[in-house]
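Observations on the model geometry
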Amino acid sequence: MGRLLTFDIFRYNPNQPGVKPRMQRYLLEETPGMTLFLSLNRIREEQDPSLMFDFVCRAGICGSCGMIANGILRMACSTLTRDLFPSIRLMPMPLFKMVGDLSVDTGTWFRQLNKKTKAWIHSRQAFDPDALEMPMSNADAANIYELERCIECGCCVACCATANSRDDFLGAAGIHRIARFMLDPRDGRTQPDYFKILGTQEGTFGCFETMACEDHCPLNLPLDDSIEYVRDKAERMGKKY
Ligand code: FES
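Residues numbered from 1 in each chain as written. Predicted model: local features only at pLDDT ≥ 70, side-chain atom pairs only at ≥ 80, totals over all residues.

As for the overall build of the chain
Scanning the chain from terminus to terminus reveals nine helices and seven strands. Buried residues in the chain amount to 33% of all 241 residues. When contacts within the chain are restricted to residue pairs at least 6 apart in sequence, long-range pairs at least 24 apart make up 64% of them. (Helix = DSSP H or I, 4+ residues; strand = E, 2+ residues; numbered from the N terminus. Buried ≥ 20, exposed ≤ 12 C-beta atoms within 10 Å, placed from the backbone. Contact = placed C-beta atoms within 7 Å.)

Right, here's the structure in full:
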């Protein structure tokens, strides 16, 4: 027989403003290989169909299932309950718009980030519909690889002191993304172009350097390195321009 798990889960539905936020308790017997995602599914199927939480891929790829489990930001689909104490407290990620219970809207935040950082390749070459793809050297691809792995789960933003105190901050996800384009030889943006995006309190100078982002990133991305890299570049640009 598996452990008896106690789940205390945050409940709130913004569409029912008369009902105050509360914690609700559910009990579940642990099964081998059980993840938080599987537990939540069982609770919803067997005990409470009104429970709201997000998932898409169930494989740690889509970034939909971020939440706070026992005080730590985690992806529900890749967190095994056997790695947690039997008493499990689940809260939604802060900062993002509440959809309901453990479900928050990270999509709107990341769409705005994409617009602000102009997160696409800015080629200086004229468009040629007959051209082959723009090739990239193995060394360049290797440089960009770690920066391209972000799944936009929002954990680095939810735990960020600056992002929680000002809503215009790009966050580690945004700074990491800019670093990705700065390293991409196909991106034709100039240093002043980048400086406009990141040489402000909204950008790299707003970071308090608590480095919670790197501690909480479920993919262990080198967010600290990205912030330092971009800040160093921004300081040099600031002196020059
Ligand atoms: S459901 Fe896709 S990352 Fe967890």
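Details of helix H7 (residues 191–198)
Residues of H7 that are buried include every one of Tyr194, Ile197 and Leu198, and no others. One side of H7 holds all its buried residues, which, seen down the axis, span an arc of 80 degrees. (Arc of directions from axis to C-beta.)

Some details on unusual backbone geometry
The backbone phi angle of Glu152 is positive, close to 55 degrees, even though this residue is not glycine. The residue Glu152 is located in the loop between helix H3 (138–148) and helix H4 (155–158) in this model. A residue is classified by how many C-beta atoms lie within 10 Å of it, and Glu152, with 20 of them, is buried. The residue Asn220 is not glycine, and still its phi comes out positive at about 55 degrees. Tracing the backbone through its elements, the reader meets Asn220 in the loop between helix H8 (212–216) and helix H9 (223–240).

Overview of the nonpolar core
The tendency in soluble globular proteins is for nonpolar side chains to be buried as a group. Core analysis: the biggest nonpolar cluster contains 50 residues, and Met67, Ala76, Cys156, Ala172, Ile175 and Ile178 have the highest contact counts within it. A total of six residues in this core trace back to one element, the largest contributor, which is helix H6 (residues 171–182). Both domains that furnish three or more residues to this core are identified here as domain 1 (4–104) and domain 2 (106–126 + 133–240). When neighbours within four sequence positions are excluded, Ile178 is seen to be in contact with Thr117, Tyr194, Ile197, Leu198 and Val230. (Core = buried A, V, L, I, M, F, W, Y, C linked by C-beta atoms within 7 Å. Domains from an automatic or database assignment.)

Notes on helix H2 (residues 106–117)
Taking 1.5 Å of rise per residue, 12 residues should cover 16 Å, and H2 covers 16 Å from first to last C-alpha, within 8% of that figure. Buried within H2 are the following residues: Thr106, Trp109, Phe110 and Thr117. Mapping the buried residues of H2 onto a view down its axis gives an arc of 90 degrees, with all of them on the same face. The exposed residues of H2 that point more than 90 degrees off its buried face are Thr108, Arg111 and Lys115. Elements that come into contact with the buried residues of H2 comprise strand E7 (103–105), H6 and H7. Phi turns positive one or two residues past the end of H2, at Lys118, with a value near 45 degrees. (Expected span 1.5 Å × (residues − 1).)

Thoughts on the sheet that holds strand E1 (residues 4–11)
Across the sheet, five strands lie side by side as E2-E1-E5-E3-E4; this open sheet has mixed pairing. Edge positions in the sheet fall to strand E2 (22–29) and strand E4 (72–75), since each has one partner strand and no second. Across the sheet, the mean angle separating the axes of adjacent strands is 35 degrees when strand polarity is ignored. Bridge count for E1 against E2 is eight bridges, and the pairing is antiparallel. Within E2, the position partnered with Thr6 by the bridge is Leu27. (Pairing = 2+ DSSP bridges. Axes fitted to C-alpha atoms, helices over the stretch in contact; angles between N-to-C directions.)

Side note on the domain arrangement of the chain
Per the domain assignment, the segments making up the chain are domain 1 (4–104) and domain 2 (106–126 + 133–240). The C-alpha centroid of domain 2 is placed 29 Å from the C-alpha centroid of domain 1. Counting residues at the interface gives 14 residues for domain 1 and 15 residues for domain 2. With three residues, E4 is the single largest residue contributor to the side of domain 1 that touches domain 2.

As for the pairing of strand E5 (residues 87–91)
The pairing of E1 with E5 spans four bridges and is classified as parallel. Paired with Ile9 across the bridge in E5 is Leu90. For strand E3 (residues 66–69) and E5, the ladder comprises two bridges, and the chain directions are antiparallel. Across the sheet, Ala69 pairs through a bridge with Leu90, a residue of E5.

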